[in-house]
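If you want the building blocks of each chain, they are given just below.
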Amino acid sequence: MIQVDLLHSANLRPFNTFGVAARARWLAHARSIDGLLAALELAQREDVRVEVFGGGSNLLIVDDLEAVVVLPQLRGVTWLGNHNGRVHVSAAAGENWHDFVALTIAHEAFGLENLALIPGHVGAAPIQNIGAYGVELDRFVVAVDAYDRQREQFCRIDRASCEFSYRDSLFKHDPNRYLITAVEFALHTEADLHLNYAGVREQLSASGINVPTPKAVFDAICAIRRRKLPDPAEIGNAGSFFKNPLVDTHLASVLQAAYPTLPIYSAAQGKSKLAAGWLIEYCGWKGARVLDAGVHQQHALVLVNYGKATGRELLAIAQHIQADVSNQFGVQLEIEPRIVGV
């Protein structure tokens, strides 16, 4: 039996963490590879596009979708043994990301602890090349297993071919081609802690930890994120809405001279990373609200739905923020979540 549940004219509010009201022509809960293929066949018959939601935590829906919305629910974690001093593990696309990180630490496979409590599923992680607190996913990826919709065949894409960069990847550039089914990681057998990102050492110290372990870092990151970021179960949001912009070091120096308190971080290839939240707050947007769409009162990077905001209302605020930051600093903010329905 093909494991896919189909719902026509489906309400999408429960399937996006912004809690935005919208409908899809079809909603497909795919619990197997056959289920995924059946959903793709349905889209072909109906002559509509496919939208893959995963956990719905990194997208903003701005209109009803004439599409088959696929919710991959593939499950399973497979430990593949030690290779070249690393622990290899494969996780299916539908696995909860935070639960998977916790599992790796329990198995003494380390490296992902700074990425704790990032919402969403494993399958979405490579698309965005998720990162937090000084660590990015790509350093641990061995390969991504996917279905290539263009060639109509399954494929395995090695790390180099994923074209990872800051919050970017091959999958983000070609979003309609690959449907990710699993990701293989290579993790450390010994602790390799990253503690220099702002707030991490302070949280460990506040918890009375002088000799941190990966589990202690995991707990510290969870505490920081719970304190700083709103819970989507309590107020609709998709986490950080804008990327921290990468700019030339010359522009960073000019801005640092004009705005001495602007946080600036070194980045690769002669670039500097600016704190997007600081830029937004300087422009007066922190805590701002228009009807039920707004900017979080404690974290200027987070847009929130206070109850009945539409996706277009949230997008309008984002575009106003982009314009104000560009006018003030000459810096263009890039939206991090995927915008669907446009």
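Further up the page is the structure itself.
Summarised in this report is the structure supplied together with it. Here the structure is a predicted model, which is why all the values come from computation and not from measurement.

With that settled, the discussion passes to the packing of aromatic side chains. Under the defined criterion, the tally for this structure stands at 15 aromatic pairs. Considering the side-chain rings of Tyr147 and Phe154, the 4.9 Å spacing of their centres and the 65° angle between planes classify their relative orientation as edge-to-face. Taking relative accessible area as the criterion, Tyr147 reaches 13% and is therefore assigned buried. On the accessibility criterion, Phe154 (43% relative accessible area) is partly exposed. The structure contains a cluster of three or more aromatic residues connected by ring pairs, namely Tyr259, Trp278, Tyr282 and Phe329. Against the face of Tyr306 rests Arg289, its NZ or CZ located 4.1 Å from the ring centre.

Let us now look at the environment of Lys228. Tracing the chain through its elements places Lys228 in helix 6 (residues 214-228). A relative accessible area of 39% means that Lys228 is categorised as partly exposed. Counting along the chain gives 71 residues from Lys228 to His299, while the straight-line C-alpha distance between them is 6.7 Å. Once you skip the residues sitting within four places of it in the chain, Lys228 turns out to touch Tyr133 and His299.

As a further point, take the sheet that holds strand 15 (residues 264-266). The antiparallel open sheet is built from three strands, whose spatial order is 14-16-15. In this open sheet, the two edge strands, each paired with only one partner strand, are strand 14 (246-248) and strand 15. Sheet twist, expressed as the mean angle between neighbouring strand axes with direction ignored, is 40°. Where strand 15 meets strand 16 (residues 271-274), three bridges bridge the pair, whose relative direction is antiparallel. Looking at strand 16, one finds that Tyr265 is bridged to Lys273.

A separate point is the environment of Gln150. Residue position: Gln150 is located in the loop between strand 10 (141-148) and strand 11 (153-158). In sequence terms Gln150 and Gly76 are 74 residues apart; their C-alpha atoms lie 26 Å from each other.

Okay, the nonpolar core next. In terms of nonpolar packing, the biggest core is built from 45 residues, with Trp97, Phe100, Leu112, Leu115, Leu137, Phe171 and Phe185 touching the most fellow members. Every element with two or more residues in this core is listed here: strand 7 (86-92), helix 2 (97-106), strand 10, strand 11, helix 4 (170-173), strand 12 (178-188), helix 5 (200-206) and helix 6. Discounting residues that sit within four places of it in the chain, Leu115 has contacts with Trp97, Val101, Ile130, Gly131, Ala132, Val135 and Leu137. Counting residues in hydrophobic clusters, the runner-up holds 35 residues, among them Phe18, Phe242, Ile280 and Trp285.

Now for the packing of helix 2 against helix 6. At their nearest, the axes of helix 2 and helix 6 sit 10 Å apart, and the two run at 160° to each other. When the interaxial angle is binned, helix 2 and helix 6 end up roughly antiparallel. Seen from above, helix 2 lies across helix 6 with left-handed handedness. Note on element contacts: helix 6 touches helix 2 through Pro214, Lys215, Phe218 and Cys222, opposite His98, Val101, Ala102 and Ile105. Residues of the contact of helix 2 with helix 6, tallied by class, amount to six nonpolar, one polar and one charged.

What follows is about the sheet that holds strand 19 (residues 302-305). Two pairing modes exist for strands in a sheet, parallel and antiparallel, and in both the strands are linked by backbone hydrogen bonds. Pairing is antiparallel in the open sheet, where four strands are placed in the order 13-19-18-17. Because the sheet does not close on itself, it has two edges, and the strands there are strand 13 (236-240) and strand 17 (289-290). Relative to the sheet, helix 9 (residues 311-329) contacts strand 17, strand 18 (293-295) and strand 19, its axis offset from that of strand 18 by approximately 35°.

A word on the pattern of salt bridges. Using the criterion set out here, one finds 16 salt bridges in the structure. When the shortest N-O distance is used, the salt bridge between Arg25 and Glu66 registers 2.5 Å. Taken as a pair, Arg25 in strand 2 (residues 23-30) and Glu66 in strand 5 (residues 65-72) lie far apart in primary sequence, 41 residues in all. Relative accessible area serves as the criterion here: at 24%, Arg25 is assigned to the partly exposed category.

Rules behind the numbers
- Residues numbered from 1 in each chain as written.
- Predicted model: local features only at pLDDT ≥ 70, side-chain atom pairs only at ≥ 80, totals over all residues.
- Heavy atoms only, no water.
- Phe/Tyr/Trp six-rings, centres within 6.5 Å; stacked < 30°, edge-to-face > 60°.
- Buried < 20%, exposed > 50% of the residue type's maximum accessible area, 1.4 Å probe, protein only.
- Lys NZ or Arg CZ within 6 Å of the ring centre and 35° of its normal.
- Helix = DSSP H or I, 4+ residues; strand = E, 2+ residues; numbered from the N terminus.
- Contact = heavy atoms within 4.5 Å.
- Pairing = 2+ DSSP bridges.
- Axes fitted to C-alpha atoms, helices over the stretch in contact; angles between N-to-C directions.
- Core = buried A, V, L, I, M, F, W, Y, C linked by side-chain atoms within 4.5 Å.
- Parallel < 35°, antiparallel > 145°, perpendicular 65-115°, else oblique.
- Left-handed = near helix turned anticlockwise from the far one by under 90°.
- Nonpolar A, V, L, I, M, F, W, Y, C, P; charged D, E, K, R; others polar.
- Salt bridge = Lys/Arg side-chain N within 4 Å of Asp/Glu carboxyl O.

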